[in-house]
Amino acid sequence: MTTRNHCLALDAQDPLAPLRNQFALPDGVIYLDGNSLGARPVAALQRAQQVIAEEWGNGLIRSWNTAGWRDLSQRLGDRLARLIGADANEVVITDTTSINLFKVLSAALRVQALKAPQRRVIVSESSNFPTDLYIAEGLTEMLQQGYSLRLVDSPEELPRAIGEDTAVVMLTHVNYKTGYMHDMQAVTALTHECGALSLWDLAHSAGAVPVDLKQAGADYAIGCTYKYLNGGPGSQAFAWVSPALCDLVKQPLSGWFGHARQFDMEAQYRPSSGIARYLCGTQPITSLAMVECGLEIFEQTDMASLRRKSLALTDLFIELVEQRCAAHGLKLVTPREHDKRGSHVSFEHPEGYAVIQALIARGVIGDYREPRIMRFGFTPLYTRFSEVWDAVQTLGEILDEKTWAQPQFQIRHSVT
Ligand SMILES: *Cc1c(COP(=O)(O)O)cnc(C)c1O
């Protein structure tokens, strides 16, 4: 049986343990929700002060040139690139994941319209993150002309769903709810064999699991920076397009930041070459600047080391929950196989929502997703093995004592 001392020993041997000092985590909190909103890098406070007092306050409009605001989306994209197997000059950090999805999905359909106009179906999963499905739905409704969305209920159904009518296969690499991870290389190969383009949402992958877009042969990718990348609440998202496709078509949100010569003020849109055409308008710089603080921490380690620790943390959590909470009928919905697991673990419980509220009241922060799913994110940059132990003990006590049945834990908040 694993003991708390064993977990403390794992912390003592953990080569990544010192990185936790670069995060400002409150005392008395075990934070298992970095997959939803990453913790604050210590450096972010000083950076915010610099941006607001110096760059905005003193620099004023000059800072677009002197503080590098104009190129910030691309400079940060260059630094993020290696985390997703892309090269410098291929990534921008801008807008939201939802908006970037609209841009790249539209572009993918335009590419197909040039070479295979009969392909008008977007294939995805019914379990994909809702905003991805909503954006695809909105786009097909806007385009009309026979464009449609086809949803499969499990990854096994993908081979049969992708066919001669398929334009794009749009998937989230790590499922937000179950933690299931697709084999990016195999699914991309299947997609290409069928003549379709592959689009990956890396919201729960970037900074969480190793990703190699170029080796997988992917065509488009998007993802968040406020989750595992610790960019801050609502920080801008990223977009990547394969260089082979990037200059073939314009994306439809053709704002002036994506123009080849923004300050020529031409009446007609001419796209920049390369990924810069995926920029649209002026970004909230105070938010964008924070992304750098998260990326700087990743530059002190590598995804292979992070993956090793992530799997050790999720293995430990599963093992301890199954030991300590065996009497309570929790159902593991996350794959046990390492190659199918992201960096969060989900268990089903009929009172999942109330259990999570009771945990939060005791300083263990996870979250809840309909229906019945209790979700726990493990961030190898700052989660300790002993915290996994302590979190499971608290969960066990709440289940043993039925603390979750107290009325205050039944109240539904607007964000779960
Ligand atoms: C978190 C998440 C998003 C969020 O999109 P926003 O536009 O940032 O709100 C989108 N897709 C997936 C798969 C996510 O997990």
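Just so we're clear, the structure is a prediction, and the values are computed from it rather than from any experiment.

All right, on to the overall build of the protein then. Along its length, the protein carries 14 helices and 13 strands. For 416 residues, the compact-globule estimate of 2.2 N^0.38 gives 22 Å, and the C-alpha radius of gyration of the protein, at 22 Å, lies within 12% of that figure. Overall, the protein is about 65 × 60 × 40 Å in size when its C-alpha atoms are taken along their principal axes. Sequence separation of at least 24 residues holds for 72% of the intrachain contacts in the protein that already meet a minimum separation of 6. Put simply, the protein shows about 17,500 Å² of open surface, and 54% of that area lies on carbon and sulfur atoms. Charge separation in the protein, taken as the distance between the mean sites of 38 positive and 46 negative side-chain charges, equals 3 Å.

Turning next to the UniProt feature "modified residue: N6-(pyridoxal phosphate)lysine" (unreviewed entry) in the protein. UniProt marks Lys227 with the feature "modified residue: N6-(pyridoxal phosphate)lysine" (unreviewed entry), using the numbering shown here. Along the chain, Lys227 turns up in the loop between β7 (220–223) and β8 (238–241). The class of Lys227 is buried, set by a relative accessible area of 7%.

Among the structural elements, Ser73 can be located in helix α4 (residues 72–81). Look at Ser73 and you get buried, because its relative accessible area is 6%. Polar contacts involving the side chain of Ser73 include one to the main-chain carbonyl oxygen of Ile93, which spans 2.8 Å. Once residues lying within four places of it in the same chain are set aside, the contact partners of Ser73 are Val91, Val92, Ile93, Thr94, Leu279, Gln283 and Leu288.

As a further point, take the environment of Ala327. Along the chain, Ala327 turns up in the loop between α12 (303–324) and β9 (331–332). Owing to a relative accessible area of 74%, Ala327 belongs among the exposed residues under this scheme. In the structure, Ala327 is positioned 65 residues away from Gln262 in sequence and 63 Å away in space, judged by C-alpha atoms.

Time to look at the packing of helix α5 (residues 97–115) against helix α6 (residues 130–143). The contact between α5 and α6 brings their axes to 10 Å, and the two run at 45°. Taken together, the axes of α5 and α6 are oblique relative to one another. The interaxial crossing formed by α5 with α6 has right-handed handedness. Counted together, Ser98, Leu101, Phe102, Leu105, Ser106 and Leu109 of α5 and Thr131, Asp132, Ile135, Ala136, Leu139, Met142 and Leu143 of α6 form the full contact between these two elements. Here the contact of α5 with α6 is built from residues that sort into 9 nonpolar, 3 polar and 1 charged.

Further remarks concern the site of the ligand. Around the ligand sit 13 residues in total, of which Ser98, Asp132, Asp201, Tyr226 and Lys227 are the nearest. The contact in question runs from a nitrogen atom of the ligand to an N or O atom on the side chain of Asp132, over 2.8 Å. In this structure, a nitrogen atom belonging to the ligand sits 2.9 Å away from a side-chain N or O atom of Asp201. Contact with the protein chains hides 87% of the accessible area of the ligand, taken as 390 Å² for the molecule alone. Tallied by class, the residues present in the shell around the ligand amount to 4 nonpolar, 6 polar and 3 charged.

Glancing now at the sheet that holds strand β10 (residues 344–348). Spatially, β9-β10-β13-β12 is the arrangement adopted by the 4 strands of the open sheet, whose pairing is antiparallel. Edge strands, defined here as strands with exactly one partner in the open sheet, are β9 and β12 (367–369). Pairing of β9 with β10 involves 2 bridges; the strand directions are antiparallel. Considered in β10, the bridge of Leu332 is made with Phe347. Sheet strands touched by α12: β9, β10 and β13 (373–377). Its angle to β10, the strand with the most contacts, is close to 20°. Helix α13 (residues 352–361) rests against β12 and β13 of the sheet, and its axis sits at about 40° to β13.

Attention now goes to the nonpolar core. Residues Ile84, Leu202, Leu213 and Phe238 are the most contacted members of the largest nonpolar core, which totals 57 residues. Ranked by residues supplied to this core, first place goes to helix α11 (residues 285–298) with 9 residues. Not counting residues up to four positions away in its chain, the partners in contact with Leu213 are Ile84, Gly85, Met184, Leu202, Ala218, Ala221 and Trp240. In this structure, Ile318, Leu320, Tyr353 and Phe385 belong to the second largest nonpolar core, which totals 35 residues.

Bringing the sheet that holds strand β5 (residues 166–172) into the picture now. By definition, the strands of a sheet pair up through backbone hydrogen bonds, in either a parallel or an antiparallel sense. Overall, mixed pairing links the 7 strands, which are arranged β2-β8-β7-β6-β5-β3-β4 in an open sheet. Across the chains shown, the open sheet's two edge strands, defined by having one partner strand only, are β2 (91–93) and β4 (148–152). Adjacent strand axes in the sheet meet at a mean angle of 20° when their direction is disregarded. Bridge count between strand β3 (residues 121–125) and β4: 5 bridges; the pairing is parallel. What sits directly across from Val121, in β4, is Ser148. Running over the sheet, α5 touches β3, β5, β6 (197–201), β7 and β8 and is turned about 170° from β7. Running at roughly 150° to β6, helix α8 (residues 184–193) makes contact with β5 and β6 of the sheet.

Following the criterion strictly, the structure yields 24 salt bridges and no others. Linking Lys340 and Glu337 is a salt bridge whose minimum nitrogen-to-oxygen distance equals 3.7 Å. Glu370 serves as the salt-bridge partner of Arg412, at 2.9 Å between the closest nitrogen and oxygen. Placement of the pair is Arg412 in the segment after α14 (385–400) and Glu370 in the loop between β12 and β13, with a sequence separation of 42 residues. Shared partners join several salt bridges into a network, and the residues in it are Arg47, Glu55, Arg79, Glu292, Glu296 and Glu299.

Right, let's get into the UniProt feature "binding site: pyridoxal 5'-phosphate" (unreviewed entry) in the protein. Annotation from UniProt places "binding site: pyridoxal 5'-phosphate" (unreviewed entry) at Thr97, Ser98, Phe129, Pro130, Thr131, Asp132, Thr172, Asp201, His204, Tyr226, Trp256 and Thr282. The greatest C-alpha distance among the residues just named is 30.4 Å, and with 186 residues of sequence between them they are spread in space as well. When its relative accessible area of 10% is taken as the criterion, Thr97 is described as buried. On the secondary structure map, Pro130 appears in helix α6.

Here is what the cut-offs are and how they apply
- Position numbers for residues count from 1 along each chain, tracking the sequence in the order it is written.
- Whole-chain, interface and lining totals are the exception, using all residues; otherwise, since this is a predicted model, local features are given only for residues with pLDDT of at least 70 and side-chain atom pairs are given and counted only at 80 or more.
- Side-chain numbers come from the whole structure's heavy atoms, not from hydrogens or water.
- Counting from the N terminus, the helices are DSSP H or I runs at least four residues long and the strands are E runs at least two residues long.
- Computation of the radius of gyration draws on C-alpha atoms, with the globule rule given as 2.2 Å multiplied by the number of residues to the power 0.38.
- By the convention used here, residues are in contact when the closest approach between their heavy atoms is within 4.5 Å.
- Areas reported as accessible are Shrake-Rupley estimates using a 1.4 Å probe. Residue values count occlusion only from the protein chains shown.
- Charge assignment: positive for Lys and Arg, negative for Asp and Glu; neither His nor the chain ends contribute.
- By convention, the point assigned to a charge is CZ for Arg, NZ for Lys, CD for Glu and CG for Asp.
- UniProt positions are given in the numbering used here, feature names are shortened, and annotations may be inferred rather than shown by experiment.
- Burial here depends on accessible area, computed with a 1.4 Å probe over protein chains only, as a share of the maximum for the residue type. Under 20% is buried, over 50% is exposed, and the range in between is partly exposed.
- In the analysis that follows, any N or O atom pair within 3.5 Å is treated as a polar contact, provided that within protein one partner can donate a hydrogen and the other can accept it, and provided that, for residues neighboring in sequence, both atoms belong to side chains.
- Each axis is a line fitted through C-alpha atoms, and for a helix only the stretch in contact is used; angles between axes span 0 to 180 degrees, taken between their N-to-C directions.
- Roughly parallel covers angles under 35 degrees, roughly antiparallel covers those over 145, roughly perpendicular covers 65 to 115, and oblique covers all other angles.
- Note on convention: near helix rotated counterclockwise from far helix by under a right angle means a left-handed crossing. Clockwise means right-handed.
- When residues are sorted by character, Ala, Val, Leu, Ile, Met, Phe, Trp, Tyr, Cys and Pro go into the nonpolar class, Asp, Glu, Lys and Arg into the charged class, and all the rest, Gly among them, into the polar class.
- Put simply, a residue is near a molecule or strand once any heavy atom of it comes within 4 Å of that molecule or strand.
- A pair of strands is labelled paired if DSSP reports no fewer than 2 bridges between them.
- In this text, buried Ala, Val, Leu, Ile, Met, Phe, Trp, Tyr and Cys residues form a nonpolar core when linked through side-chain atoms within 4.5 Å.
- The salt bridge definition used is simple: a Lys or Arg side-chain nitrogen within 4 Å of an Asp or Glu carboxyl oxygen.

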